[in-house]
Structure formats: structure tokens, C-alpha cells
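Report on the structure
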Protein chains: 2
Amino acid sequence: MASTLLYEDLAGRLGAQIRRGLLRPGERLPSLRRLGRQERVSIATAVEAYLRLEREGLVEARERSGYFVRAQRVAVPAARLPRVQARAPQALRNPALLGVLDVLSREDLLPLHVTTPAPELLPGRAIAAATTHVLRRDPGVALAYGAPQGLPALREQIARRYLRCGVEVDPGEIVVTAGAMEAITLALRSVTRAGDVVLLETPTYYGILQAISALGLRAIEVPNRVGSGIDAAALRALLARHAVRAAVLVPNFNNPTGSLTGDDDKREIVAACGEHGVTVIEDDLYGELAYSGERPAPLRRYAGRTSVITCSSYSKTLAPGLRIGWALAGTHVDDLVRAKCFSSVATAGLPQRAITEYLVRHDFDRALRRLRRELATNAQRWRDAIRRGWPEGTRVSDPAGGTTLWLELAGGVDAQALFEAAVARGIGCLPGHLFSLRGDYRTHLRLGLGLAWSPPVEAALRELGRLAGRFARRRTPKEGHE
Amino acid sequence: MASTLLYEDLAGRLGAQIRRGLLRPGERLPSLRRLGRQERVSIATAVEAYLRLEREGLVEARERSGYFVRAQRVAVPAARLPRVQARAPQALRNPALLGVLDVLSREDLLPLHVTTPAPELLPGRAIAAATTHVLRRDPGVALAYGAPQGLPALREQIARRYLRCGVEVDPGEIVVTAGAMEAITLALRSVTRAGDVVLLETPTYYGILQAISALGLRAIEVPNRVGSGIDAAALRALLARHAVRAAVLVPNFNNPTGSLTGDDDKREIVAACGEHGVTVIEDDLYGELAYSGERPAPLRRYAGRTSVITCSSYSKTLAPGLRIGWALAGTHVDDLVRAKCFSSVATAGLPQRAITEYLVRHDFDRALRRLRRELATNAQRWRDAIRRGWPEGTRVSDPAGGTTLWLELAGGVDAQALFEAAVARGIGCLPGHLFSLRGDYRTHLRLGLGLAWSPPVEAALRELGRLAGRFARRRTPKEGHE
């Protein structure tokens, strides 16, 4: 009798927490053993409580994984509460992402979505000369396997450059990778394990969402505000309520919003993560691409005793095709080297040597100044074209750096439909929902600023605006736009 | 009362299965729900049964993972039964592997462990010339991001070469990767998910063990017999008893044993995997390195309707430092491209173009013939040196291809101790237990055949033999070797 009451009491309390939204749909419930310990009841009582909740349709058992809160039919004010995502393995099979991959690999598109600077904006001849020089000096260079951590001379170049934004890095903590995305993946693999909760921005780069999904991690999301970036107070509130293992953040010119998180917010973000024992994995891919003034500081600048792994690459600033990136791995360096060693063994040696040679003998700063100028001009041209030719009410970000534009379409146009129509006309763009775990931003569109300005680019922007207008009119026939 | 008897009965039967070795240490037991269903008892009864077994020390609960069979004090005849490994996350922290990484990155070692052919054995000047040519023709080549799947012209070259060993491959199913290890990792990520059981050889390459561990997979092992490779009958017996998702096999000149699996065994292996719905992931890294005659067929040759993903690279045959490998992904091509896209985005373009240029304009076959001859001679020299200078009773493999030698030390010498002593004297080698999930092969040693023969190599082999002799005498003082 007593035991019956105990389990009913327990089920009642858990049920109330679920109905009040304190336990969120998709959230994993404590194991039987842990629930028993927490509530000082026997495991049999815990089992009965979960079975009761299951009969009530509030929780569901998943084979080998335990009990999870079921999606509720009664709407819970989602915006009010932190969004907790269960692992979303279906994201890897997201049909929209297949479309993205098609776009990425089709050569007949005018790729308005491209965020990688076009060859015309980069010092191609100098990179080629540096590579040829390296080969002439040592023809065997293409043959030598490098150490998994990467070429010491390159790691020193990377460390030197960080000094300029006030970050002291020991080359011994740098791991050279095949681009920033590999660095982020290695960092996640070193710091987390399947089932851990990771804090992300929303919207954020779909590659990060995929990595989270592929590693079996769960995510909570903090808003990235167009213009002002990550809200440190919101992040702090989330950390207080959830056991977060790591935060993957893009504070400098976030992809897709292009927004820059301010220095005060950065300090506060790093402090809050430190207090909660959260490792920060920072994607600083666009940090060097401020349109004017100094490059903004990476979060690492404010690290103190917080563990911050900063990931970046030369893919957006110097030589996309060489696939050379890095992680400032701090105390995690051994773990990252190990993860690197057992995933791709080592980064190709020739590209590392070519970039080192370029950095030592050529003028990276000059090339970067030119690139930043071109991107700033592109942002202006793209925005002008959108203001001129797109439906009234279209909202477009006004980035201070980076290579992305983030648009909110006028008239509630479905960006996926616009994307499909655009691709059918040979124009690439990305629908906003790719940048969300939950398929938000359905009326948003991301463009890239990587192409060199040209009449075809101008025409494609105009055509995309015309399409957006047509979809907008279809949706609102009574507003008299026809 | 009835329920008490039920759980005692159930616990008794499970306990007997464990004691008889039918349920193996480390094996995961059915979830409460599944056990209840299987045995037609309530979940509460299942809980009581597991709690009883836990009190008896036969099983243990792991937070969030369920119940597992505990290691037994009473010896079970391990060789008799298939070995089922529970997930071994500690493998990633294996201190011996840290030692390996030190060895891999130390530049002051004479690396007798190296399996990658030395620059002297490879066509370095021709690769350099091809790279320079590519850069001269198109200086922007280092700048272009390639498609995630890889350069079409390179995929075509890869496909053409397979025709020679009777394998028809569509370039559209090939994915270019950063080396064979990345190909294997992408294949595993595409085919398995955490908790799945994968069939491996024992011994096998430690990189494969690490990948298995990092992905949270479990493993069962089929012996790789020195000389004759994988035993198809043993493999078939294992598949009949375990729900295996994929098999990662190295049929051609396995690392470390160097053994070659015969064509009949290959056919039978592929057939058995097909019957059980097991995807074969084949590491064919050494397939081109037969010391004489034709290159042996990959398992893919016998695929029929079995799903076989063949992974390989140019790292052991042409240009280690360029890190270009591939997977023949068959029907899994979309999954692999996606996994590639979201881990390292794409493989560097310049190395892909350089290798394509080399393959089109230079004589790969001639370079390969020379390499195969050199490796064959090396194997002979290494074996002669071991026969002359190492303790009597040392057994050494006699490979027909590949770049490894597998030794069983005389007198039961601990290979880890020998490894440590050797490294202290500036000589690299690998202790056998790295090639086993369970730390077997403690008296085995792996050497590599990658170095060019030279007096220092000869001296290092002699010194290693002298050390092995000293350790052997220490262990067996009464046998009168002193």
C-alpha cells in the first residue's frame, strides 16, 4: 500500500513538471537508479512511476536509452523556456540539406550563396609562387608524412598573428587541421561524449548542427541577435538551468547573421561558461574579416581560467582549396592530437609548407586589407541591389564583417520554395531553416558575399528579388500588389 | 509469492548462462523492457532479477546504459567462444598509445616502426613536377574549394585502375578523402551507429580500434592468421551468433601481420557477410604492394549484391604527404559525401590536381614496380638481420607484400618493456598489444619496412635484437643463456 502511494505521488510530481514545461519534450528523464536515489524510493517504485506516466502519454521509453518526455499536445510557451533538443539524428537525412549539397556541387549555378571569397579576391599568384618555391627547394616535400599536430613553423606563424589581438598562444597548443570544420569536430570529440548537452546559437552554421547530430549530442539554443550577436545574459540563464558540457559559438561575424558579439558580452559569456565548467568551442573563421578597423577579439582573449578552444582556418582569408585550419586547443591539445591522429592521421604537408612560405615571404596583411575592402564593397552592393529590386518590407542584415547576408523575406514568403525556384533558374541561395535545429527561420534566406561583383551577379540578385516578389504576391492576393 | 519465484527463477537462469560463458564479460544484457517481453514477466520482476544478479556480483549497472555482465574471477575458456567486447572508451586513453604518438612525432628516432615508404622509394621529383605544372597552368588552383565528393578527373583515374584487378567502379560512387583512415571513419559513420557491433580482425591496425572506440561501437574479433589471413569459416560462425552491423577487414597484407587472405576465403567472407546483411568496410591500403605477380583482388571484386566499401589511398604508394585517399562507396555514396561534407567539408584541391596530373602524364606503374621491388628486398634484409642477430626462437612473419613485419619475441619477452628500452636508445618499434582491443600480443612486436636500407638501419635492427636478447635472458636465467 505504502509503495503504491509512493509511486503515484512520484508520478504525480513528475507529471506536473512535464505539464508546466519544466521537463521539456524530448528531454531524457533520470535513469531508474538515479531517480530512486534522488527520490529515496526503490527502483521498483521508480519503474511503477514511469509506467504510470507512460500510460498517461506523458513519457515514452526508448529501447536501451531510458525514458523521455513526450511531445505534448497542449502548447507550452516555447519562447519562454530554454529550448532543449533531443538528439535529432534525422537532421543528417534532412532532405533540405540534400538540396544544399546539390547546390554546393552543381557547377552550372550562379552561386549567390557562396561565402568563400572568389579567386579574384585572393592572392592566388603569390600562393602559387610560394608553393612552387617550396617544391623547388625540396622536391620530396610532397612525400613526407607530417606529425599529426602539424608543421611547427606553421604553428608558430599562427601563434604570432594572435599576438596582434592580444592573445598569447603557445605554438605547442596549436593543432593544424583540414579546415575549421575539422577543428570543431575534433574539439567536440575531445570534450564531449554522446548524450551530452551542447549550447549553440540560433541561427547558426548548419555544419555545426550536423556535427552535433553526428556525434549524438543534444543541444540547447541561445539567440544570436542580428546586429548584436550573442546575448550573454540569456546564455547565463540557460547555463544556470541546464547541465551543459560545451558551447559552440561564433561571436565574430556569425554565419548566417553576420552579427558581431560585443566585447562586454564576450567577457560575460566566457565568465559564465567558466563558472559552470563549460568548455567554449569558438568558431573564429570570420574574425579577420572586419570591414574596417581592428579585427575583433576572439573569446579566447578573455579566457582566463575558462577553457576556450578557438577554431579557424585560412579558407576564408587566403587559400580555400588548401584546406588548412587550426585549433588553439589549450589544455586539450593532447586529446585533439589524438583525435586527429585517429581520424585523418595528419594534415597534408605540402599545403602547410606552402602557406608557411607565403606567410613568411609575402604580405598577408596587404592581401587581407584588399579582401576586407572588397567584401565591404560587396556587402554595400548586395544591400543596394536588394533595396532597389526586392519587395518592400524585405529586411536585410548590415554586417560589419564576414561574408554573409541574412534576409527576412517580405510577406511571409516560404524561403524553401524560393530556394527551389531560384535553383531551377540557375541561382544558388540558402533557405533559413537550414540554420536551425528545429526548422525555424522559414521566411529567412542566407546569401554569401564571396563572389566578385559582375553583371551576372547583379542580374542574379535582381532575378532572385523578382522571384521573391512573385511569391509574396501569391501569398497576399488581397493586399492589392497585383 | 509467485512473483518472487519468477524473479529468482529468471536470475538463476541468467546466472547460469553467465557462468557457462554464454553471456560474456562486458556484454550488455537486454533492457528491462525487452527482458520482460522475452521472458513474459513484468518489468518489476526483471528489475528484481537484475538486482539479484548484481548482489551476486555477476552483473553491473552502468548509469544510463543498462546492465552488463561483469568480468568473472573463474576463468572461462576464452579461445573457445567468440570474443565479444563491450564498448571500450578507455582505449582512447590507452597510455601505451600515447607512447605511440610520442614515437610518431619524435624526430630524433630511427623509426624502425615506419610503414610509410621513405622518400627515396617514391617518385618525389615527378610529383613535384606535376604539382608545379598544375600551378603554372592555373595559379588559382590552390584557391578553389572543390566539391565534397572530390575532383571528377581524379575519381576517374581511381576507377580506371581498379579495372585491372577485375573491379568495375563507377567514378560517381567514389569519394575522395584525406587518406584511407578518413575513408574508413566516414564509412563507419555512414553505416553504423553507437552501440552497434562491428567485426574486426585480431590483430589489426590500432587506428581502426581507435575509430571503433571513438564512435562508441562494440567489437567482436576474428583471428587474422599469420600467413593465411582471415579465416572465413571462423568469420561465418561469428556472424551466425552475433548481430553484426559491419565488418572492417584488411584482407591484403594486413597491418600488422602482413598476411594475405586467399581468394577462396575472400569469396566466402563476402558471401557470409551478404547473407547476414553485414556491410564490409575493406581497408585495401596495401593492395598494390604485392612483392611479385599481380596485385591481389580486393573483397570488392567478389561483392555481388553484398555491400562492400573499399578504402585506400596514395599514402603508401605515391605521395604520403598529400593525404589523398578514397572510398568506393557503392550505394552508400550519398551518406559518405554527406559525412565528409560535415566533417572536413572537402579534400584539399591542389593535392588532388597534382596526383591527377601525375597519373595522367607520368608512369605510375614503373614507380610502383620499383617500390614493390625495394619493399621485397627490405623484407628480405630485415628478416635476414633478425635471423642473424636476434635471440633464437624469435619468430618473424614472411609477408608476400605490404610494409610490415610481425615478430613473436623469444623467451616470452614483454614487448612493451622492449619498446620502452628501444625508444630510450633512439629506436622506434611498436609493441604488439596496440593491435588488440584486449591487450593481447604482449610478446609481439611490429616493425615497418618503410625505411630505405642503410648502415644506421642495419645497426638499429642489430641493437633491437641485442635488447630483445637481454630481456629474454633476464626472464629465463636458469636456461643457461648467460
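Residues numbered from 1 in each chain as written. Chains lettered and ligands numbered in written order. Predicted model: local features only at pLDDT ≥ 70, side-chain atom pairs only at ≥ 80, totals over all residues. Heavy atoms only, no water.

Quick word on the overall build of chain A
Test applied: Numbering of helices and strands runs from the N terminus, with a helix taken as a DSSP run of H or I at least four residues long and a strand as a DSSP run of E at least two residues long. Exposed residues in this analysis have more than 50% of their type's maximum accessible area, buried residues have under 20%, and partly exposed residues fall in between, with area computed by a 1.4 Å probe over protein chains only. Any pair of residues with heavy atoms lying within 4.5 Å of one another is described as a contacting pair. Each accessible area is a Shrake-Rupley result for a 1.4 Å probe, and residues are judged covered by the shown protein chains and nothing else.
Scanning chain A from N- to C-terminus turns up 15 helices and 17 strands. Taken over 482 residues, chain A has a buried fraction of 61%. In chain A, 74% of the contacts between residues at least 6 apart in sequence involve partners at least 24 apart. Carbon and sulfur atoms provide 48% of the accessible area of chain A, an area that totals close to 18,900 Å².

Examining the side chain of threonine 279 of chain A
Residue and element names in this part refer to chain A. Within the secondary structure, threonine 279 is located in strand 10 (residues 279-283). Exposure remark for threonine 279: the relative accessible area of 5% places this residue in the buried category. Filtering out sequence-adjacent residues up to four positions away, threonine 279 remains in contact with Val191, Arg245, Ala246, Ala247, Ser307, Ile309 and His332.

Structural notes on the packing of helix 5 (residues 124-137) of chain A against helix 12 (residues 349-361) of chain A
Residues and elements named next belong to chain A. The condition that has to hold: Every axis in this analysis is a line fitted to C-alpha atoms, fitted for helices over the stretch in contact. Angles between the N-to-C directions lie between 0 and 180 degrees. For classification, angles of less than 35 degrees are called roughly parallel, those exceeding 145 degrees roughly antiparallel, those between 65 and 115 degrees roughly perpendicular, and all remaining angles oblique. Take the far helix as the reference: if the near one is turned anticlockwise from it by less than a right angle, the crossing is left-handed, and if turned clockwise, right-handed.
Viewed as axis vectors pointing N to C, helix 5 and helix 12 meet at an angle of 115°, and their least axial separation amounts to 8 Å. Overall, the two elements helix 5 and helix 12 adopt an arrangement that is roughly perpendicular. Handedness of the crossing formed by helix 5 with helix 12: right-handed. Residues Ala126, Ile127, Ala130, Thr131, His133, Val134, Leu135 and Arg137 of helix 5 form the contact with helix 12, whose own contacting residues are Leu350, Arg353, Ala354, Glu357, Tyr358 and Arg361.

Considerations on the interface of chain A and chain B
Formally: Throughout, buried area stands for the accessible area (probe radius 1.4 Å) lost by two parts on being put together, summed over both. When a carboxyl oxygen of Asp or Glu lies within 4 Å of a side-chain nitrogen of Lys or Arg, that pair is called a salt bridge. Here a polar contact is taken to be a pair of N or O atoms separated by no more than 3.5 Å, where protein atoms must pair a possible hydrogen donor with a possible acceptor and residues adjacent in sequence count only if both atoms sit in side chains.
At the junction of the two partners, chain A supplies 73 residues and chain B supplies 74 residues. For the chain A and chain B pair, buried surface summed over both sides reaches about 6,100 Å², with 63% attributable to carbon and sulfur atoms. On inspection of chain A and its partner chain B, the count reaches 2 salt bridges. Between arginine 33 of chain B and glutamate 54 of chain A there is a salt bridge, and its shortest N-O distance comes to 3.0 Å. Counting across the interface, chain A meets chain B through 8 residue pairs in polar contact (both at pLDDT 80 or more).

Let's talk about the environment of alanine 16 of chain A
Checked against the element boundaries, alanine 16 of chain A lands in helix 1 (residues 2-19). Sequence separation between alanine 16 of chain A and leucine 58 of chain A is 42 residues, and the spatial gap between their C-alpha atoms is 10.0 Å.

Considerations on the sheet that holds strand 13 (residues 395-396) of chain B
Two pairing modes exist for strands in a sheet, parallel and antiparallel, and in both the strands are linked by backbone hydrogen bonds. Residue and element names in this part refer to chain B. As a reminder, the rule being used: Strand pairing requires that DSSP identify at least two bridges connecting the strands.
The strand order 13-14-17-16 describes an open sheet built from 4 strands, whose pairing is antiparallel. In this open sheet, the two strands that pair with only one neighbour each are strand 13 and strand 16 (430-431). As paired strands, strand 16 and strand 17 (residues 444-448) are joined by 2 bridges and run antiparallel to one another. Within strand 17, the position partnered with proline 431 by the bridge is leucine 445. Strands in contact with helix 13 (residues 364-389) are strand 13, strand 14 (404-408) and strand 17; relative to strand 14, the strand with the most contacts, it is inclined by about 20°.

Let's talk about the packing of helix 2 (residues 32-39) of chain A against helix 3 (residues 43-55) of chain A
Residue and element names in this part refer to chain A. Spelled out, the test is: Amino acids are sorted into nonpolar (Ala, Val, Leu, Ile, Met, Phe, Trp, Tyr, Cys and Pro), charged (Asp, Glu, Lys and Arg) and polar (every other residue, Gly among them).
Contact geometry for helix 2 and helix 3: axes closest at 8 Å, N-to-C directions at 110°. Our classification of the angle between helix 2 and helix 3 gives roughly perpendicular. Every residue of helix 3 that contacts helix 2 at Leu32, Arg33, Leu35 and Gly36 is listed here: Ile43, Ala46, Val47 and Tyr50. A class-by-class count of the residues in the contact of helix 2 with helix 3 yields 6 nonpolar, 1 polar and 1 charged.

With respect to the pattern of salt bridges
All names here are of chain B. Applying the stated criterion across every chain, the model contains 50 salt bridges over all chains. Aspartate 365 is paired through a salt bridge with arginine 164; the nearest N and O atoms lie 2.9 Å apart. With aspartate 365 in helix 13 and arginine 164 in the loop between helix 6 (152-163) and strand 5 (174-177), the pair connects residues that are 201 residues apart, well separated along the chain. Arginine 164 gets classed as exposed once you look at its relative accessible area, which sits at 53%.

Section: the sheet that holds strand 17 (residues 444-448) of chain A
Residue and element names in this part refer to chain A. Across the sheet, 4 strands lie side by side as 13-14-17-16; this open sheet has antiparallel pairing. Edge positions in the open sheet fall to strand 13 (395-396) and strand 16 (430-431), since each of these has one partner strand only. Strand contacts of helix 13 (residues 364-389): strand 13, strand 14 (404-408) and strand 17, with the helix running at about 20° to strand 14, the strand carrying the most contacts.

A word on the relation of the copies chain A and chain B
Two copies of one chain are present, and they are related through a rotation about an axis combined with an axial shift. So the rule is basically this: Copy-to-copy superposition: least squares on the C-alpha atoms, limited to residues that have pLDDT of at least 70 in both copies.
Aligned on chain B, chain A shows an RMSD of 0.4 Å; the corresponding rotation is 180° and the shift along the axis is 0.0 Å. With respect to symmetry, the two chain copies, as superposed, fit the operation of a two-fold axis. Looking at the rotation axis and the C-alpha trace of chain A, the residue lying nearest is threonine 132 of chain A, at 2.9 Å. When the interface residues of chain A are mapped onto chain B, 100% of them are again interface residues, pointing to one common binding face.

Considering the side chain of threonine 115 of chain A
Residues and elements named next belong to chain A. Residue position: threonine 115 is located in the loop between strand 4 (110-111) and helix 5. For threonine 115, a relative accessible area of 10% gives the class buried. Each residue touching threonine 115, except ones within four places of it in the same chain, is listed here: Tyr286, Lys316, Thr403, Thr404, Arg446, Gly448 and Gly450.

Examining helix 8 (residues 206-214) of chain B
All names here are of chain B. With respect to burial, helix 8 is a largely interior element, 8 of its 9 residues being buried. Of all the residues in helix 8, the buried ones are Tyr206, Gly207, Ile208, Leu209, Gln210, Ala211, Ile212 and Ser213. One or two residues past the end of helix 8 sits glycine 216, with phi positive at roughly 70°.

Here's the deal with a positive patch on the surface
Residue and element names in this part refer to chain A. The condition that has to hold: Candidates for patches are residues over 30% relative accessible area with no salt bridge; among them, like charges are joined within 9 Å and nonpolar side chains (Val, Leu, Ile, Met, Phe, Trp, Tyr) within 5 Å. Working convention for charge: Lys and Arg count positive, Asp and Glu count negative, and His plus the chain ends are omitted. Throughout, a charge is located at the NZ atom of Lys, the CZ atom of Arg, the CG atom of Asp or the CD atom of Glu.
A contiguous patch of positive charge, built from Arg366, Arg369, Arg370 and Arg373, is present on the exposed surface. Residue position: arginine 373 is located in helix 13. The exposure class assigned to arginine 373 is exposed, which follows from its relative accessible area of 53%.

Notes on helix 14 (residues 415-424) of chain B
Residues and elements named next belong to chain B. Burial of helix 14 is extensive: 7 of the 10 residues sit out of reach of the surface. What helix 14 keeps buried is the set Ala415, Gln416, Leu418, Phe419, Ala421, Ala422 and Val423. Sitting at the amino-terminal end of helix 14 is aspartate 414, which places a side-chain oxygen 3.0 Å from the backbone nitrogen of glutamine 416. Glycine 426 sits one or two residues past helix 14 and shows a positive phi near 80°.

What to know about the environment of arginine 62 of chain B
Tracing the backbone through its elements, the reader meets arginine 62 of chain B in strand 1 (residues 59-62). Along the primary structure arginine 62 of chain B and arginine 28 of chain B are separated by 34 residues, whereas in three dimensions their C-alpha atoms are 9.8 Å apart.

With respect to unusual backbone geometry
The linkage connecting threonine 202 of chain B with the following residue, proline 203 of chain B, adopts the cis geometry, with an omega of 0°. Checked against the element boundaries, proline 203 of chain B lands in the loop between strand 6 (197-202) and helix 8. A cis amide bond links asparagine 255 of chain B to the next residue, proline 256 of chain B, at an omega of 25°. Turning to its location among the elements, proline 256 of chain B is positioned in the loop between strand 9 (246-249) and helix 10 (263-275). In the Ramachandran plot, phenylalanine 253 of chain A falls in the positive-phi region, its phi being about 55° despite a non-glycine side chain. Note that phenylalanine 253 of chain A resides in the loop between strand 9 (246-249) and helix 10 (263-275). Exposure remark for phenylalanine 253 of chain A: the relative accessible area of 2% places this residue in the buried category.

Some thoughts on the pairing of strand 17 of chain B
Residue and element names in this part refer to chain B. Of all the 5 residues making up strand 17, 5 are buried; the element is thus mostly covered by neighbouring parts of the structure. Relative to strand 17, strand 14 runs antiparallel, the two being bridged by 5 bridges. Considered in strand 17, the bridge of glutamate 408 is made with histidine 444.

Some words on the confidence of the model for chain A
All names here are of chain A. Our working rule: One number per residue, pLDDT, summarises how confident the predictor is, and it ranges from 0 to 100.
Here chain A averages 86 in pLDDT, and 89% of its residues register 70 or above. For residues 73-93, every residue scores under 50 in pLDDT, and the model assigns this stretch 47 contacts once sequence neighbours within four places are set aside. In this model, residues 478-482 is a region of pLDDT below 50 whose contacts with residues beyond four sequence positions or in other chains number 3 contacts.

Overview of the environment of arginine 70 of chain B
Along the chain, the position of arginine 70 of chain B falls in the loop between strand 2 (66-69) and strand 3 (84-85). Setting aside its immediate chain neighbours within four residues, arginine 70 of chain B contacts Pro25, Gly57, Leu58, Val59 and Glu60 of chain B.

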